[in-house]
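As a plain string of letters, each chain reads:
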Amino acid sequence: MANKINTTLPLFCPRHGCKFYGLYDNKITKDGKYTTENDNVKRQMFYCHRGKHRFSETGFSDLFGKHGSFKEYEQTSKLFSYGMSCDKIADVLEKDKRTIDTWRRNIGGKCEIFHITLCMLVGLSVKFLQMDELWSFLKRKNDQLWVFAAIESKTKFWITFEFGSTTVWPPVRLLKSIKMLLKIRDDTIITITTDKFSAYKNALDKVFNEITYYYLQIVKKRYRKKLVTVKKFFVKGSSDNFPAKTQNTSFIERLNLTLRQNISYLRRKTLGYCKNTNNLKSTMWINLLNYNYILKNDTFLTENQQ
Ligand SMILES: [Zn+2]
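Please read all numbers here as calculations on a predicted model, not as lab measurements.

**Student:** Just give me the short version of the coordination of the zinc ion, but keep the residues and values in it.
**Tutor:** For the zinc ion, the protein coordination sphere consists of Cys 13 (SG), Cys 18 (SG), Cys 48 (SG) and His 53 (NE2), at 2.1 to 2.4 Å. Classification of the site at the zinc ion rests on its 4 donor atoms, whose angles at the metal span 100 to 118°, yielding the label tetrahedral. All donors to the zinc ion come from one chain, and their sequence spacing reads C-x4-C-x29-C-x4-H.

Here you go:
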């Protein structure tokens with residue numbers, strides 16, 4: 001986890017009953033530590049200046065009362081982004097598997113809220129969108145599970161993901177959540193690249209009907225697992241609308257590789273395939289947070305630095 005980025009986010013009061021709940025126009029400072037009675041874990045305390053009350057770092061959060069320390073939550077998250085399975089993490093941290101399962105669900109939920117809130121707060125600007133899908137087994141190895149992911153190829157920012165079958169609906173849901181996070185200005189033109197999977201085109205027609213975009217499909221032909229030809233099919237716009245180095249799906253394919261490497265459920269030729277999509281979902285959100293906000297990418301650079 002080298003190259004940590006520095007992102008200072010505004011602090012706010014998380015107590016729902018407080019008059020100043022969620023407002024940035026407040027002062028939050030550290031206010032000593034508190035040791036939990038049951039498991040002797042140290043928790044950071046904070047003070048809400050306008051509401052004049054203290055609160056703990058896990059208070060009002062999904063991790064409240066989950067009998068772990070922040071260090072253990074952090075270790076669990078890191079191990080999940082290194083591709084460890086729940087059983088192994090439980091073994092390393094000397095915890096029950098069910099405890100790690102609960103932590104994963106709660107941490108995954110927090111990661112999702114963090115990502116979506118931040119993107120909506122800042123307004124996501126997407127210029128080069130790449131989407132792709134990868135599949136794995138589900139349950140008893142009888143079903144296929146498809147994972148759809150979207151990335152901003154210039155900044156390598158992983159926007160979001162969806163699960164589903166090879167119908168039009170997962171790409172529709174994927175595009176709907178991208179649209180929700182987007183900051184659309186009048187001059188916004190999005191350049192989109194996918195493979196030949198036709199559901200993307202139908203989903204784009206449905207969801208991006210008010211958005212100006214150029215769309216390129218990369219059609220790869222393989223013979224005996226070897227890549228034979230790569231054809232470009234400009235569905236909307238022409239070659240001139242796609243700058244050099246954007247006429248490909250390389251970046252999203254690189255992300256797929258990272259996912260296969262870091263998410264035990266998506267590994268090929270193993271017994272670790274997914275039995276419960278909720279577990280995969282939590283693991284994916286933890287990985288998204290790690291990929292976007294802990295490992296370095298270019299999203300948070302200013303225009304001049306890019
Ligand atoms: Zn408050």
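There is more to say after this.
**Student:** Could you give me a rundown of a nonpolar patch on the surface, with the residues and numbers involved?
**Tutor:** Taken together, the side chains of Phe 12, Tyr 24, Leu 121 and Val 122 make up a nonpolar region of the molecular surface, amounting to roughly 380 Å² of accessible area. Locating Phe 12 in the fold gives a position in the segment before strand 1 (28-35).

**Student:** Quick one: what's the story with the nonpolar core, residue by residue and with numbers?
**Tutor:** If you look at the biggest cluster of nonpolar residues, it comprises 66 residues, and the most contacted ones within it are Leu 129, Phe 208, Leu 280 and Met 284. Per-element tally for this core: the top contributor is helix 7 (residues 277-294), with 8 residues. Here Phe 208 is in contact with Leu 129, Leu 175, Ile 178, Lys 179, Leu 182, Ile 190, Ile 192, Ala 203 and Tyr 213, once residues within four sequence places are set aside. One finds Cys 18, Ile 28, Cys 48 and Phe 55 within the second-largest nonpolar core, a separate group that totals 7 residues.

**Student:** Which residues make up empty space enclosed by the protein, and what are the values?
**Tutor:** By the definition in use, this model includes 1 cavity of 30 Å³ or more. Roughly 60 Å³ of volume is contained in the largest cavity. Looking at the largest cavity, the residues that line it are Trp 158, Leu 255, Thr 258, Leu 259, Asn 262, Asn 287, Asn 290, Tyr 291 and Leu 295. Looking at the lining of the largest cavity, the elements that each hand over two or more residues are helix 6 (250-262) and helix 7. Counting residues per element, the lining of the largest cavity draws most heavily on helix 6, at 4 residues.

**Student:** Tell me about helix 1 (residues 70-81), and please be specific about residues and values.
**Tutor:** With 12 residues, helix 1 extends 16 Å from end C-alpha to end C-alpha; this agrees with the ideal 16 Å at 1.5 Å per step. Those residues of helix 1 that are buried are in contact with strand 2 (42-48), helix 2 (86-92), helix 3 (97-122), helix 6 and helix 7. Of the residues trailing helix 1, Gly 83 is marked for its positive phi of about 90°.

**Student:** Outline the sheet that holds strand 2, supporting the account with residue identities and numerical values.
**Tutor:** Spatial ordering of the open sheet is given by 1-2-3, a layout of 3 strands whose pairing is antiparallel. In this open sheet, the two strands that pair with only one neighbour each are strand 1 and strand 3 (53-56). Strand-to-strand, the axes of this sheet are offset by a mean angle of 30°, without reference to chain direction. Note that strand 1 and strand 2 share 6 bridges and pair antiparallel. When the bridges of strand 2 are listed, Lys 30 appears paired with Phe 46.

**Student:** Report on the packing of helix 1 against helix 7, specifying residues and quantitative values.
**Tutor:** The relative placement of two packed helices is expressed as an angle between their axes plus a distance between the axes. The contact between helix 1 and helix 7 brings their axes to 9 Å, and the two run at 95°. Viewed along their axes, helix 1 and helix 7 adopt a mutual orientation that is roughly perpendicular. Residues Ser 77, Phe 80 and Ser 81 of helix 1 form the contact with helix 7, whose own contacting residues are Thr 283, Ile 286, Asn 287 and Asn 290. Partitioned by chemical class, the residues of the contact of helix 1 with helix 7 number 2 nonpolar, 5 polar and no charged.

**Student:** Just give me the short version of the packing of aromatic side chains, but keep the residues and values in it.
**Tutor:** How two aromatic rings sit relative to each other is set out by the distance from centre to centre and by the angle between their planes. Inspection of the entire model under this criterion finds 15 aromatic pairs. On the numbers, 6.0 Å between centres and 50° between planes, the contact of Trp 158 with Phe 161 is tilted. Of the two residues, Trp 158 and Phe 161, both sit in the buried class. Cluster of aromatic residues (ring-pair linked, three or more members): Trp 158, Phe 161, Phe 163, Trp 285 and Tyr 291.

**Student:** Describe helix 4 (residues 169-181), with residues and values.
**Tutor:** For helix 4, which comprises 13 residues, the first-to-last C-alpha distance of 19 Å matches the rise-based estimate of 18 Å (1.5 Å per residue) to within 8%. Residues of helix 4 that are buried make contact with helix 3, strand 4 (128-138), strand 5 (143-152), strand 6 (157-164) and helix 5 (199-207).

**Student:** Before we move on, can you summarise the packing of helix 3 against helix 7 with the specific residues and values?
**Tutor:** Their axes nearest at 8 Å, the elements helix 3 and helix 7 cross at an angle of 50°. Taken together, the axes of helix 3 and helix 7 are oblique relative to one another. The chirality of how helix 3 crosses helix 7 is left-handed. Contacts from Asp 101, Arg 104, Arg 105, Ile 107, Gly 108, Cys 111, Glu 112, Phe 114, His 115, Ile 116, Leu 118 and Cys 119 of helix 3 reach helix 7 at Asn 279, Lys 281, Ser 282, Thr 283, Trp 285, Ile 286, Leu 288, Leu 289, Asn 292 and Tyr 293. The class makeup of the residues in the contact of helix 3 with helix 7 is 11 nonpolar, 6 polar and 5 charged.

**Student:** Could you give an account of the sheet that holds strand 6, with specific residues and numbers?
**Tutor:** The strands making up a sheet are joined through hydrogen bonds of the backbone, oriented either antiparallel or parallel. Taken together, the 6 strands give an open sheet; going across it, the order is 6-5-4-7-8-9, and neighbouring strands pair in mixed fashion. Looking at strand neighbours, the two that pair on one side only are strand 6 and strand 9 (226-236), the edges of this open sheet. Neighbour-to-neighbour, the strand axes of this sheet turn through a mean angle of 20°, independent of strand direction. Examined bridge by bridge, strand 5 and strand 6 share 7 bridges and lie antiparallel to one another. Each bridged residue has a counterpart across the sheet, and for Ala 149 the counterpart in strand 6 is Phe 161. Sheet strands touched by helix 5: strand 4, strand 5, strand 7 (189-194), strand 8 (212-223) and strand 9. Its angle to strand 8, the strand with the most contacts, is close to 170°.

Rules and cut-offs
Residues numbered from 1 in each chain as written. Predicted model: local features only at pLDDT ≥ 70, side-chain atom pairs only at ≥ 80, totals over all residues. Heavy atoms only, no water. Donors = N, O, S within 2.8 Å, 3.2 Å for Na, K, Ca; no water. Tetrahedral: all angles 85-135°; square planar, octahedral: opposite > 155°, others 65-115°. Patch = residues over 30% accessible without salt bridge, like charges linked within 9 Å, V, L, I, M, F, W, Y side chains within 5 Å. Areas by Shrake-Rupley, 256 points an atom, 1.4 Å probe, with all protein chains shown as cover. Salt bridge = Lys/Arg side-chain N within 4 Å of Asp/Glu carboxyl O. Helix = DSSP H or I, 4+ residues; strand = E, 2+ residues; numbered from the N terminus. Core = buried A, V, L, I, M, F, W, Y, C linked by side-chain atoms within 4.5 Å. Buried < 20%, exposed > 50% of the residue type's maximum accessible area, 1.4 Å probe, protein only. Contact = heavy atoms within 4.5 Å. 1 Å grid on protein atoms, 1.4 Å probe; cavity = no way out; pocket = protein on both sides within 12 Å on 5 of 7 lines; lining within 4 Å. Points joined across faces, edges and corners; volume = space filled by probe spheres on them. Expected span 1.5 Å × (residues − 1). Pairing = 2+ DSSP bridges. Axes fitted to C-alpha atoms, helices over the stretch in contact; angles between N-to-C directions. Parallel < 35°, antiparallel > 145°, perpendicular 65-115°, else oblique. Nonpolar A, V, L, I, M, F, W, Y, C, P; charged D, E, K, R; others polar. Phe/Tyr/Trp six-rings, centres within 6.5 Å; stacked < 30°, edge-to-face > 60°. Left-handed = near helix turned anticlockwise from the far one by under 90°.

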